[in-house]
Amino acid sequence: MDIIKEILGKVCSSIQENFPLSAITGFRTGGPARFFVSPSDIEEIKEIIAICNRYKIPLIIVGKGTNILISDNGFDGIVLCTKNFNKMVIEGTDIYCQSGALLSTLLKISIEKELKGIEFLSGIPGTTGGAIISNAGLKEEWISEKVVRVDVISLSNGQEKSLKRKDINFGYRTSGLENYFISGILFHLTNGVKEEIKKAIAEYMKKRIATQPLGYPSAGSIFKNPPGLFAGMLIEKCGLKGYSIGGACISEKHANFVINKGRGTSEDIYKLILIVKEQVKKMYNIELETEIKIIGSFPVSPSSLPSPPRGEGKIQRRGKREGAEDEKCE
Ligand SMILES: Cc1cc2nc3c(=O)[nH]c(=O)nc-3n(C[C@H](O)[C@H](O)[C@H](O)COP(=O)(O)OP(=O)(O)OC[C@H]3O[C@@H](n4cnc5c(N)ncnc54)[C@H](O)[C@@H]3O)c2cc1C
């Protein structure tokens, strides 16, 4: 790896070795990255991707780390973080963002410029690039609806492309762009009124505060909602609200959130994920799919998992349930 450090050193403005990824993840967990780079320049990014391909070095892209779980063993390769790749250009009702621009900054600009249409992104803590990868949003409002174009670099051959929205396979928490580095996104908004935009943003935020455990490190919703159902409700009906392993806990406030109560490890969180999946499968014969991206190795054997409490509740399909406070936001 010393040779890699030397090669990287020729193209990267700064390289950190054995960088603790817990410093940049929403969960505040994760072991060290062998090399951590946070370039601000597209040419530098292209060079890093080329080096990884030429020397077969594992590469992962990270934005704000709010939708990932990284192994406590860390990542033996290069972690490219987009935090410094964050310029924005505004032209009329269009905003072009480099992928490391935060959704919160985009919202701030939309208020300043009186542009509406993305208020529903209020309170989603990631970058625009991370949001495009998972087509972030709420139940019925997705970021893809505001996208005109996404500029990408292929992670396998470094080829650059501009993709129109119609050419991207956006779906529920998916974009099909996992094999690309997202370099920039062109959003199209519409003219609005500052006070109304601010009010809508505040309303969305108020709902989040009421329903989500925002005081603790987390990665938002762990599982995708199965068709017609809410993952949070299934987890709750399994009697798992408040269940914890080590320092990780299934939130009492929103059962689809796992929170880190202080000293939780990625392994604790991973074990909870396995337990939830197993219990939901046992009780409802439903395979929950994770919304968060799980990175690295997790040497956990199912037999080492503790037995959780058993709940037994009937479930109702979406739309017929009363008092569904939990899942209003996602
Ligand atoms: C409290 C809380 C609330 C949340 N609420 C919501 C919500 O309502 N709706 C919702 O959809 N999500 C929600 N999330 C999840 C998360 O914030 C979003 O998915 C966010 O858009 C992820 O962005 P990020 O920069 O943190 O991505 P990261 O976690 O850094 O990365 C996520 C994935 O995207 C990839 N990636 C990131 N940037 C790039 C890039 N430039 N090019 C290629 N790949 C890239 C990473 O490799 C990884 O696979 C919430 C999270 C938290 C902690």
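Predicted model only: the values in this text are computed from it and were never measured.

1. Digging into the environment of His 254
Here comes step 1: Of note, His 254 is situated in the loop between β14 (248–250) and β15 (258–260).
Here comes step 2: Between the C-alpha atom of His 254 and that of Met 233, which follows or precedes it by 21 residues, the distance is 8.9 Å.

2. Topic: the site of the ligand
Here comes step 1: The local shell around the ligand holds 34 residues, among which Gly 63, Gly 126, Gly 129, Gly 130 and Gly 220 are the closest.
Here comes step 2: Breaking the shell around the ligand down by element, the ones donating at least two residues are β3 (59–62), α4 (128–133) and β11 (180–188).
Here comes step 3: At four residues, the largest contribution of residues to the shell around the ligand is made by α4.

3. Comments concerning unusual backbone geometry
Here comes step 1: Within the chain, Arg 28 stands out as a residue other than glycine whose phi angle is a positive 65°.
Here comes step 2: Following the sequence through the fold, Arg 28 ends up in the loop between β1 (16–20) and β2 (32–37).
Here comes step 3: We classify Arg 28 as partly exposed; it has 18 C-beta atoms within 10 Å.
Here comes step 4: In the Ramachandran plot, Glu 114 falls in the positive-phi region, its phi being about 55° despite a non-glycine side chain.
Here comes step 5: Tracing the chain through its elements places Glu 114 in the loop between α3 (103–112) and β8 (115–116).

4. Things to note about the packing of α3 against helix α5 (residues 194–211)
Here comes step 1: In the contact formed by α3 and α5, the axes pass within 8 Å of each other and the chain directions differ by 150°. Classed by the angle they form, the pair α3 and α5 counts as roughly antiparallel. Contacts between α3 and α5 involve Leu 107, Ser 110 and Ile 111 on the former and, on the latter, Lys 194, Ile 197, Lys 198 and Ile 201.
Here comes step 2: Of the residues contributing to the contact of α3 with α5, the split by class is four nonpolar, one polar and two charged.

5. Describing the domain arrangement of the protein
Here comes step 1: Domain parsing of the protein yields domain 1 (2–81), domain 2 (88–210) and domain 3 (215–304).
Here comes step 2: Put simply, the middle of domain 2 and the middle of domain 3, counted by C-alpha atoms, are 27 Å apart.

6. Some points on the environment of Thr 265
Here comes step 1: Checked against the element boundaries, Thr 265 lands in the loop between β15 and α7 (266–284).
Here comes step 2: Take Thr 265: there are 20 C-beta atoms within 10 Å of it, and that puts it in the buried class.
Here comes step 3: Taking the C-alpha atoms as reference points, Thr 265 and Ile 70, 195 residues apart in sequence, are found 9.7 Å from one another.
Here comes step 4: Residues contacting Thr 265, with those up to four places away along its chain left out, are Thr 29, Asp 72 and Gly 246.

7. Description of the sheet that holds β14
Here comes step 1: Strand order in this open sheet of three strands is β13-β14-β15, and the pairing throughout is antiparallel. Strands at the two margins of the open sheet, each flanked by one partner only, are β13 (244–245) and β15.
Here comes step 2: Strand direction decides the pairing type here: β14 and β15, joined by three bridges, are antiparallel. Bridge pairing in β15 places Ala 248 opposite Asn 260.
Here comes step 3: Sheet strands touched by α7: β13, β14 and β15. Its angle to β14, the strand with the most contacts, is close to 30°.

8. A look at the packing of helix α1 (residues 2–11) against helix α2 (residues 42–55)
Here comes step 1: Contact pair α1 / α2: the axes reach a minimum separation of 9 Å and the direction vectors enclose 160°. It follows from the interaxial angle that α1 and α2 lie roughly antiparallel. The two elements α1 and α2 meet at a crossing, and its hand is right-handed. Residue-level inspection shows Ile 4, Ile 7, Leu 8 and Val 11 of α1 in contact with α2, the latter providing Glu 44, Glu 47, Ile 48, Ile 51 and Tyr 55.
Here comes step 2: Across the contact of α1 with α2, the residue classes break down as seven nonpolar, no polar and two charged.

What counts as what
Residues numbered from 1 in each chain as written. Predicted model: local features only at pLDDT ≥ 70, side-chain atom pairs only at ≥ 80, totals over all residues. Helix = DSSP H or I, 4+ residues; strand = E, 2+ residues; numbered from the N terminus. Near = placed C-beta within 6 Å. Buried ≥ 20, exposed ≤ 12 C-beta atoms within 10 Å, placed from the backbone. Axes fitted to C-alpha atoms, helices over the stretch in contact; angles between N-to-C directions. Parallel < 35°, antiparallel > 145°, perpendicular 65-115°, else oblique. Contact = placed C-beta atoms within 7 Å. Nonpolar A, V, L, I, M, F, W, Y, C, P; charged D, E, K, R; others polar. Domains from an automatic or database assignment. Pairing = 2+ DSSP bridges. Left-handed = near helix turned anticlockwise from the far one by under 90°.

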